[in-house]
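Here's the letter readout for the chains.
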Amino acid sequence: MFIEEFVIDAQTRELIDTYGNLTDELHTDLHECLGHGSGKLLPETDPDSLKNYGNTIEEARADLFGLYYMADKKLLELGLLQSEEAFKAQYYSYIMNGLMTQLARIKPDKQIEESHMQNRALIAWWAYELGKEENVIEFVKLSDSVTNELKTFVRINDYTALRRIFAQQLAEIQRIKGMGDFDKARELVEGYAIKVDKTLHTEVLQRYERLNIAPYKGFINPVMSLKYGSDNQIVDVKLDYNETYTDQMMRYSKDYSL
Ligand SMILES: [Zn+2]
């Protein structure tokens, strides 16, 4: 299983098993509604000033918003999370994915091109650098108990410090976006988000391949049809899952395209 292969220890796996799905969804909600949905440029800032780095910076802004507020007491107060530990599931998964496991989607010798993936690498590697002195995030090699092979894992030593780092990153990304600081956007994206560590990449691809799971997941919606009773009232909705993904997408494009 993916979690067993890549998550460092039983305690962290337990956190992710318990809170991972919920915090992942909350993170998406915070990303879309409060992340992308908030913020303002300075009046004299050209909205296109970050040019080809703009998308990645905007995704980083939304993700950092979500990461920072994931650990906010307000989420407990609102009853959205039940535990003060829950945010750690998202912090670990996010950093592990950005530093390592999303590389499973990249072909050998290729770089990171898609802006959401660039953003995740940007946040994770930059956070790693910012916390290096205090050893907030580290890479450790552990040998597999069965095969004895050495495997790389991510360890987060200080979640409170990591949240402070996310705050620092969020402030800087907001500044870059608000002021249209192209040079700094380029420096961050070129420095952290594109290039791939070849050794780590090879290792991730090999470990991932053995798990025999798809690198992406998607979903198919059921085709719904209404059933009418004798008085023309709707009495049931029939769900049919036989449509293929391609057929579904083509049908959506035909029926709902603008
Ligand atoms: Zn987004």
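Residues numbered from 1 in each chain as written. Predicted model: local features only at pLDDT ≥ 70, side-chain atom pairs only at ≥ 80, totals over all residues. Heavy atoms only, no water.

Chemist: Is there a simple way to explain the packing of aromatic side chains in this structure?
Modeler: Aromatic ring pairs: the centre-centre distance and the angle between the two ring planes describe each pair. This structure, assessed with the given rule, holds 13 aromatic pairs. Ring geometry for tyrosine 91 against phenylalanine 166: centres 4.9 Å apart, planes inclined by 85°, an arrangement best described as edge-to-face. Taken together, the positions of tyrosine 91 in helix α5 (residues 86-99) and phenylalanine 166 in helix α7 (residues 159-179) put the pair 75 residues apart, joining distant regions of the chain. Taking relative accessible area as the criterion, phenylalanine 166 reaches 0% and is therefore assigned buried. Three or more aromatic residues link up through ring pairs in this structure, and these residues are Phe87, Tyr91, Tyr159 and Phe166. One Lys or Arg, lysine 51, reaches over the ring of phenylalanine 182 and ends 5.0 Å from the middle of that ring. Note that arginine 163 overlies the ring of tyrosine 68, its terminal NZ or CZ placed 4.0 Å from the centroid. (Phe/Tyr/Trp six-rings, centres within 6.5 Å; stacked < 30°, edge-to-face > 60°. Helix = DSSP H or I, 4+ residues; strand = E, 2+ residues; numbered from the N terminus. Buried < 20%, exposed > 50% of the residue type's maximum accessible area, 1.4 Å probe, protein only. Lys NZ or Arg CZ within 6 Å of the ring centre and 35° of its normal.)

Chemist: What is the right way to read the domain arrangement of the protein chain from this model?
Modeler: A common way to report how large an interface is uses the accessible area buried once the components associate. As far as domains go, the protein chain holds domain 1 (2-211) and domain 2 (223-256). Look at where the C-alpha atoms of domain 1 and domain 2 centre, and you get two points 38 Å apart. (Domains from an automatic or database assignment.)

Chemist: What should I look at first to understand unusual backbone geometry in this one?
Modeler: Trans is the common state for peptide bonds, and a negative phi is the common state for residues other than glycine. Phi is positive for asparagine 135, close to 55°, though the residue is something other than glycine. Looking at the secondary structure, you find asparagine 135 in the loop between α6 (115-130) and β1 (137-143). Look at asparagine 148: it is not a glycine, yet its phi comes out positive at around 70°. Within the secondary structure layout, asparagine 148 lies in the loop between β1 and β2 (150-156).

Chemist: Looking at this structure, I do not really get the environment of glutamate 138. What am I missing?
Modeler: Here glutamate 138 lies in strand β1. For the pair glutamate 138 and valine 154, spaced 16 residues apart in the sequence, the C-alpha separation amounts to 5.8 Å. Side chain to side chain, glutamate 138 and asparagine 157 meet in a polar contact 3.1 Å long. (Polar contact = N/O pair within 3.5 Å; in protein donor to acceptor, adjacent residues only side chain to side chain.)

Chemist: Quick question: what am I supposed to make of the coordination of the zinc ion here?
Modeler: Perfect tetrahedral coordination of a metal by four donors corresponds to 109.5 degrees between them, and perfect octahedral coordination by six donors corresponds to 90 or 180 degrees. At the metal site, the zinc ion is ligated by His31 (NE2), His36 (NE2) and Glu59 (OE), and these contacts range over 2.0 to 2.1 Å. Each donor residue of the zinc ion belongs to the same chain, with the gaps between them written as H-x4-H-x22-E. Linking histidine 36 in helix α2 (residues 10-36) with glutamate 59 in helix α3 (residues 54-70), this pair joins segments that are 23 residues apart in sequence. Judged by its relative accessible area of 26%, histidine 36 falls in the partly exposed class. (Donors = N, O, S within 2.8 Å, 3.2 Å for Na, K, Ca; no water.)

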